[in-house]
Amino acid sequence: MNGKPRSLLGIEPLTPRQIIDFLSAARKMDPKRPRTTLRGRRIALLFYENSTRTRVSFEVAAKSLGASTVVMHASSTSIEKGESLKDTGLTLQSIVDAIVVRHPNSGAPTLLSRILDIPIVNAGDGMHEHPSQALLDAFTILEHKKTLKGLKIVTVGDIYHSRVARSDAHLFTKLGAHVTFCGPEVLLPEEAAQLAPGIRIVRDMDEALTGADVVMMLRVQQERLSGLQINLDEYIRRYQLNPQRVKLAKKNALVMHPGPMIRGMEMTDEVADGPQSVVLEQVLNGVKVRMAILASLLGGRR
Amino acid sequence: MNSLLIRGGHLVDPAQNIDEPRDILIVDGRVTEVAAPGKLQSADKVVNARGLIVAPGFIDLHVHLREPGQTHKETIATGTAAAAAGGFTSVCAMPNTKPVNDSPAITRWMQDPERGAVVNVFPIAAATAGSAGEKLSDFAALRHAGAVAVSDDGKPILDDALMHDALANAARLGIPVIQHAEDTRLTASSPMHLGITSFRLGLRGQPAEAEWKIVERDIRLAEMAGAQLHVAHISTEEALALVREAKQRGLKVSAEACPHHFLFIDENCADYDTRYKMNPPLRTAADRDALLHGLVDGTLDVIATDHAPHAKFEKFVEFDRAAFGITGLEIAVGAALTHLHRARKVPLKRIVELLSTNPSRIVHLDGRGTLAPGAHGDVTIFDSKKRWTYDLSKTRSKSRNAPYDGMEFYGKVMKTIVAGNVVFEA
């Protein structure tokens with residue numbers, strides 16, 4: 001696949017070129033300087049799962065481009081009772097120009113894109129992908145590092161349940177970074193190493209962090225654990241990012257977290273608010289990247 | 001008197017150890033004579049089988065006919081029409097109907113001519129009341145009503161003592177317990193096999209051990225009870241090895257494989273294609289190859305379809321939410337001939353064993369699975385090489401949830417005959 005993708009379903013199907021195009025476009029975006037690129041266009045934000053930051057980020061991005069937005073929240077009970085995703089999509093297609101969808105089931109955006117002709121943006125599907133988050137993570141790293149090529153990026157925590165970890169790993173490896181996954185077996189199965197080329201699994205956090213350029217901390221998704229037992233005390237002891245551990249990484253290493261962050265669990269306050277943390281930059285960059293995504297998928301399309 | 005002469009064909013009947021040209025006469029639904037070509041005089045009706053293979057009617061040990069209760073998916077009439085088109089003269093219908101077939105009344109109702117079955121229907125009754133896994137159903141009464149086996153297909157019996165009792169009760173009646181081997185405690189909300197593909201797709205996965213651990217336990221319990229165990233739709237190399245070992249020890253253990261498990265692997269689920277979602281799930285390439293090997297070497301006794309029709313709105317949805325199962329009655333014979341006979345040089349004798357001789361033996365269908373004089377006049381006539389393409393839009397089934405559309409097969413069912421009546425002609 002070359003040229004512009006029609007939808008953004010995930011990072012995995014993208015070429016490095018397409019990823020770079022999104023990132024370059026994002027560099028020109030600024031929510032404080034609104035554009036009219038998408039004036040008169042309507043974008044549906046179809047959220048089957050609670051999300052504040054991603055929804056707000058997409059909404060601000062769409063509006064900063066002059067588009068109008070329709071927010072649709074569907075609680076899980078309304079999925080059980082109501083019309084199918086397919087019918088919702090078909091209904092929306094007749095009144096909007098694109099759909100940004102967040103869904104608890106992996107693959108839901110893929111299903112929509114198979115049925116509909118309008119661009120679909122995956123705003124997070126189940127445990128599968130969260131491509132706009134990976135793009136904003138890469139964007140944030142590139143504001144501090146010249147290139148991703150050769151960087152050692154360590155992702156720590158609940159990788160199994162994390163769509164961010166999957167999208168990040170696809171993106172980082174496609175752009176030449178070395179990805180290390182770190183976490184306990186229940187949250188990081190051995191198969192994870194085969195997700196993308198060159199991924200390493202290191203169980204010991206101190207060993208994993210040594211020489212890292214970027215440390216990406218993930219939230220333990222207790223709502224998705226479904227019966228898996230983890231001892232939080234032990235988890236914190238083994239996998240919490242504290243000031244001592246930050247020192248194992250390179251001096252100028254970045255500390256990142258896709259949010260929502262549970263302070264005191266994944267990382268201590270000192271680290272979250274410390275000089276190496278770029279957590280807040282990630283939020284601002286999220287709007288820029290999402291502006292770029294919407295502009296490239298919808299711009300010039302009528 | 002109603003007679004049918006099948007002339008000019010090549011009979012493959014492993015039960016009689018025949019693999020040569022034979023003419024067959026069926027009178028009033030029963031085989032009366034099997035003779036060298038041209039020796040039999042004509043009958044009311046003559047079927048020309050020149051250039052074709054004539055086999056004892058194929059028997060599918062594992063189908064879901066959805067009636068009573070889920071006739072939006074399939075009915076006994078439409079399901080058996082698909083069976084006839086696929087070369088099956090008998091089907092064994094699983095009990096996960098609505099209500100569950102745990103009673104002699106439903107067992108009889110399913111066999112009532114009113115249902116409009118085109119081929120023979122042999123109910124497999126629920127092993128426990130409502131397939132709830134708590135209290136055994138009345139096996140003797142079910143057997144008397146026509147059930148040929150008991151199973152809680154889809155809701156495996158996890159309780160050791162209950163499974164032991166089910167096996168012991170079934171053994172007293174001389175019927176098998178058929179188990180869908182899945183430790184459901186390890187497979188909650190898991191729509192596919194646990195492996196790199198499930199990890200990549202962000203889907204929860206069923207570990208292979210969820211299957212083989214139950215097979216291991218069931219074999220142990222069957223041995224203790226001196227019972228006959230049939231393992232449904234086996235999907236993992238490990239479970240297959242356990243069956244192989246049990247057979248070597250002389251236990252009454254048999255197993256079936258489904259076409260989809262020897263055709264596809266978990267990677268087919270990429271892009272969330274729900275046509276590849278079934279239970280047990282598609283496994284790895286190593287598992288698929290092990291199944292093919294087991295079909296060749298005799299570890300596997302039977303090819304069964306696990307024909308599982310579902311309506312569009314149940315199947316073509318989010319992967320997690322899609323119903324498990326695909327239809328398969330119309331392609332099973334083509335799949336066996338293509339992937340075993342043509343690709344792996346499996347002799348036709350073995351193919352017929354897998355599709356007729358062995359399933360008949362396992363559920364004790366006297367007078368079926370052979371065309372010896374006195375047997376039922378159930379015959380499958382096929383071309384062992386003919387190339388054809390499956391057109392799903394023409395299916396006889398009420399549902400179209402299958403990945404086989406446009407797929408090419410070598411080997412085609414030409415005629416299906418039940419009790420001396422032609423019920424399907426290609």
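Because the structure is predicted, anything quoted here is derived from the model rather than measured.

Basis of the calculations
The residue numbers shown here count from 1 along each chain, following its written sequence. Each chain is given a letter, starting from A, and each ligand a number, starting from 1, according to the order in which they appear as written. In view of the model being predicted, local features appear only for residues whose pLDDT reaches at least 70, and side-chain atom pairs are presented and counted only at 80 or more, with totals across whole chains, interfaces and linings using the full set of residues. By convention the nonpolar core is taken to be a set of buried residues drawn from Ala, Val, Leu, Ile, Met, Phe, Trp, Tyr and Cys and joined through C-beta atoms within 7 Å. Exposure classes come from backbone-placed C-beta atoms, where a residue is buried if 20 or more other C-beta atoms lie within 10 Å of its own, exposed if 12 or fewer do, and partly exposed in between. Numbering of helices and strands starts at the N terminus; helices are DSSP runs of H or I of at least 4 residues and strands are runs of E of at least 2. Here, residue contact means that the backbone-derived C-beta atoms of the two residues sit within 7 Å. Each C-beta atom gives one direction from the helix axis, and the arc is the one those directions make. Residue ranges for the domains originate in an automatic or database domain assignment. Three classes are used, and their members are as follows: Ala, Val, Leu, Ile, Met, Phe, Trp, Tyr, Cys and Pro are nonpolar, Asp, Glu, Lys and Arg are charged, and the others, Gly among them, are polar. One requirement defines pairing of two strands: DSSP has to find at least two bridges between them. Here an axis means a line fitted to C-alpha atoms, over the contact stretch when the element is a helix, while the angle between two N-to-C directions is reported on a 0 to 180 degree scale. In this scheme, a crossing is called left-handed if the near helix is turned counterclockwise away from the far one by less than a right angle; it is called right-handed if the turn is clockwise.

1. Some points on the nonpolar core
Within the largest apolar cluster, 225 residues are counted, with the highest numbers of intra-cluster contacts made by A:Ile99, A:Val100, A:Val215, A:Leu294 and B:Val150. Among the elements that line this core, the one with the most residues is helix α12 (residues 279-298) of chain A, at 10 residues. Setting aside anything within four residues of it in sequence, one finds A:Leu294 in contact with A:Leu38, A:Ile43, A:Ala61, A:Ala62, A:Leu65 and A:Ala67.

2. Some words on helix α2 (residues 104-111) of chain B
Residue and element names in this part refer to chain B. Looking at α2, one finds that the buried residues are Pro104, Ile106, Thr107 and Met110. Down the axis of α2, the buried set is contained in an arc of 165 degrees. They therefore lie on one face. The elements touched by buried residues of α2 are α1 (76-85), β9 (88-93), β10 (120-125) and α3 (139-145).

3. Topic: the domain arrangement of chain A
Residue and element names in this part refer to chain A. Structurally, chain A comprises domain 1 (16-129 + 286-298) and domain 2 (131-282). Its C-alpha centre places domain 1 at a distance of 25 Å from the equivalent point of domain 2. Between domain 1 and domain 2, the residue contacts involve 19 residues of the former and 17 residues of the latter. Of all elements in the fold, only α1 (16-27), β4 (120-125) and α12 reach the threshold of two or more residues within the side of domain 1 that touches domain 2. Broken down by class, the residue content of the side of domain 1 that touches domain 2 amounts to nine nonpolar, five polar and five charged.

4. Remarks on the sheet that holds β4(A)
All names here are of chain A. The sheet built from four strands is open, its strands ordered β2-β1-β3-β4 with parallel pairing. In this open sheet, the two edge strands, each paired with only one partner strand, are β2 (68-73) and β4. Between one strand and the next, the sheet's axes are offset by a mean angle of 15 degrees, whatever the strand orientation. For strand β1 (residues 42-47) and β2, the ladder comprises six bridges, and the chain directions are parallel. Pairing of Ile43 across the sheet is with Thr69, part of β2.

5. Comments concerning the packing of helix α6 (residues 131-144) of chain A against α12(A)
Residue and element names in this part refer to chain A. Look at α6 against α12: their axes get within 8 Å of each other, and the N-to-C directions meet at 120 degrees. Crossing geometry of α6 relative to α12 is assigned as right-handed. Taken together, the residues of α12 that come into contact with α6 (itself represented by Ser132, Leu135, Leu136, Asp137, Phe139, Thr140 and Glu143) are Glu281, Gln282, Asn285, Gly286, Lys288, Val289, Arg290 and Ile293.

6. Concerning the interface of chain B and chain A
Taken together, the contact pairs 17 residues of chain B with 19 residues of chain A. Ranked by residues supplied to the side of chain B that touches chain A, first place goes to helix α5 (residues 196-201) of chain B with four residues. Split by residue class, the side of chain B that touches chain A holds nine nonpolar, three polar and five charged.

7. Brief notes about the domain arrangement of chain B
How big an interface is tends to be stated in terms of the accessible area lost upon association of its parts. Residues and elements named next belong to chain B. Assigned domains within chain B: domain 1 (3-53 + 375-425) and domain 2 (57-362). Distance between the C-alpha centres of domain 1 and domain 2: 25 Å. Tallying the contact residues gives 29 residues for domain 1 and 42 residues for domain 2. Looking at the side of domain 1 that touches domain 2, the elements that each hand over two or more residues are β18 (379-389), β19 (408-418) and β20 (421-425).

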